[in-house]
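Architecture and fold: a report
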Amino acid sequence: MRVVFVHGACVRDGSWWWHRTASVLREHGITSVAPALPSCGEGDRPAGPEGPGLPEDVAALRAVLVEGDEQIVVVAHSYGGIVAAEAAAGVETVRHMVLVSSYLPEPGESLSTFGADAPPPFLDFDPDGGTFGARPELFAETFAQDCPADIARDATALLVRQTLAVTQQPVRAAAWHDVPTTYVVCTEDRGTPVAAQREFSRRADKVVEVEAGHHPFLSQPGAVADIVANLSSP
């Protein structure tokens, strides 16, 4: 079994975000990979009005998912659920999806479908520049309050501006309709409201609640690794 992790919005370097849980999974003999998302500037084009958006993110993830014939568990975090919903559709090797404090969109839905009337204070939108991002000064207390101080500091250093268009671009497919899905509700999450997570979780086959903030794979890597590793059993 191979794990493919999809990071959330406004950050780069998925391998870093996943590294603590990936280390635990290796002890179970499970390998993992974390593809780059072009809309976060992880490619040859910068984020912005003419920058890559959701279609490019979907294509980047799908290219990894269709490599080889090994069985795959997709672990998507936050915005990553938007990407994975379309990218994993119809990929026969994807045997399970794990959504961590994530969006589970139906075809035709986008990030903006689930947005509040007013932008949250911890995000900064620049319509003229065509990007959005997390406010660094609010990141630790909002998204990493339960992480070790050094992890929260390093995470803040990996924030990036992302192409704003991804908030409006709808998905064209919903893989979770056809693939067994586990939703991980993070009950201490200050970024994605718990009530919203529980609404999304209604679309999943199984729900697990973890007493953690927005990034449990950094704050409680053993707990997340156990959820994933248990999926390797028949």
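First things first, this report covers the structure right here in the doc. Along each chain, numbering runs from 1 in the same order as the chain's sequence is written. This being a predicted model, a pLDDT of at least 70 is required before a residue's local features are given, and a value of 80 or more before pairs of side-chain atoms are given or counted; all residues contribute to the totals for chains, interfaces and linings. Only hydrogens and water are set aside; all other atoms, that is, all heavy atoms of the structure, feed into the side-chain values.

What to know about the packing of aromatic side chains
Note on ring pairs: Phe, Tyr and Trp rings are taken, using the six-membered ring of Trp, and paired if centres are within 6.5 Å. Classes follow the plane angle, with under 30 degrees stacked, over 60 edge-to-face and the rest tilted. Applying the stated criterion across every chain yields a total of 10 aromatic pairs. Ring centres of Phe 5 and Trp 18 lie 4.8 Å apart, and the angle between their planes is 5°; on these two criteria the pair is classed as stacked. Of this pair, Phe 5 sits in strand β1 (residues 2–6) while Trp 18 sits in helix α1 (residues 14–27), and the two are 13 residues apart along the sequence. Residues Phe 5 and Trp 18 agree in their burial class; the two are buried. On the basis of an interplanar angle of 65° and a centroid distance of 5.1 Å, the ring pair of Phe 5 and Phe 217 is categorised as edge-to-face. Within this pair, whereas Phe 5 is found in strand β1, its partner Phe 217 is found in helix α7 (residues 216–219), the two being separated by 212 residues in sequence. The cut-offs for exposure are 20% and 50% of the maximum accessible area for each residue type, with area from a 1.4 Å probe on protein chains only; residues under the lower value are buried, those over the upper are exposed, and the others partly exposed. Of the residues examined, Phe 217 reaches a relative accessible area of 1% and is grouped as buried. Numbering of helices and strands starts at the N terminus; helices are DSSP runs of H or I of at least 4 residues and strands are runs of E of at least 2.

Overview of unusual backbone geometry
In most cases, non-glycine residues show a negative phi, while peptide bonds are predominantly trans. Even without glycine at this site, Asp 13 takes up a positive phi of about 65°. With respect to the helices and strands, Asp 13 occurs in the loop between β1 and α1. Taking the relative accessible area as the measure of exposure, Asp 13 reaches 31% and is therefore partly exposed. A positive phi angle, close to 55°, is found at Ser 78, a residue other than glycine. Mapped onto the elements, Ser 78 comes out in the loop between β3 (72–77) and α3 (80–87).

Section: the sheet that holds strand β6 (residues 131–134)
In a beta sheet, neighbouring strands pair by backbone hydrogen bonds and run either parallel or antiparallel. Any two strands with at least two DSSP-identified bridges between them are counted as paired. Across the sheet, 3 strands lie side by side as β5-β6-β7; this open sheet has antiparallel pairing. Lying at the two open borders of the sheet, with one neighbouring strand each, are β5 (123–126) and β7 (162–163).

Some words on helix α2 (residues 54–65)
Counted at 1.5 Å a residue, the expected span for α2 with its 12 residues is 16 Å, and the 16 Å between its end C-alpha atoms agrees. The set of residues buried in α2 consists of Leu 54, Asp 57, Val 58, Leu 61, Val 64 and Leu 65. One side of α2 carries all its buried residues, which in axial view fall inside an arc of 125°. Against β1, β2 (31–33), β3, α3, β4 (94–100) and β7 lie the buried residues of α2. The length a helix should cover is 1.5 Å for every residue beyond the first. Along the arc lie the directions from the helix axis toward the C-beta atoms. Note on contacts: a residue pair qualifies if any of its non-hydrogen atoms lie within 4.5 Å across the two residues.

Some thoughts on the state of the cysteines
Note on disulfides: each one is a pair of cysteine sulfur atoms within 2.5 Å. Taken as a whole and assessed by the stated rule, the structure comprises 0 disulfides. Of all cysteine sulfurs in the structure, the one in Cys 10 sits closest to Cys 40, which takes part in no disulfide; the separation is 6.5 Å. Cys 147 takes part in no disulfide bond, and the closest cysteine sulfur to it belongs to Cys 186, at a distance of 11 Å.

Section: the pattern of salt bridges
Salt bridges are counted wherever a side-chain nitrogen of Lys or Arg sits within 4 Å of a carboxyl oxygen of Asp or Glu. For the structure on display, the rule yields 8 salt bridges. Between Glu 109 and Arg 203 there is a salt bridge, with the nearest N and O atoms lying 3.1 Å from each other. Note that Glu 109 is positioned in the loop between β4 and β5 and Arg 203 in the loop between α6 (194–201) and β9 (206–210), a separation of 94 residues in sequence. Residue classification places Glu 109 among the buried residues on the basis of a relative accessible area of 17%. The exposure class assigned to Arg 203 is partly exposed, which follows from its relative accessible area of 28%. Asp 124 serves as the salt-bridge partner of Arg 135, at 3.5 Å between the closest nitrogen and oxygen. Within this pair, whereas Arg 135 is found in the loop between β6 and α4 (136–143), its partner Asp 124 is found in strand β5, the two being separated by 11 residues in sequence. Residue classification places Arg 135 among the partly exposed residues on the basis of a relative accessible area of 29%. Members of the salt-bridge network, linked through shared partners, are Asp 124, Arg 135 and Arg 161.

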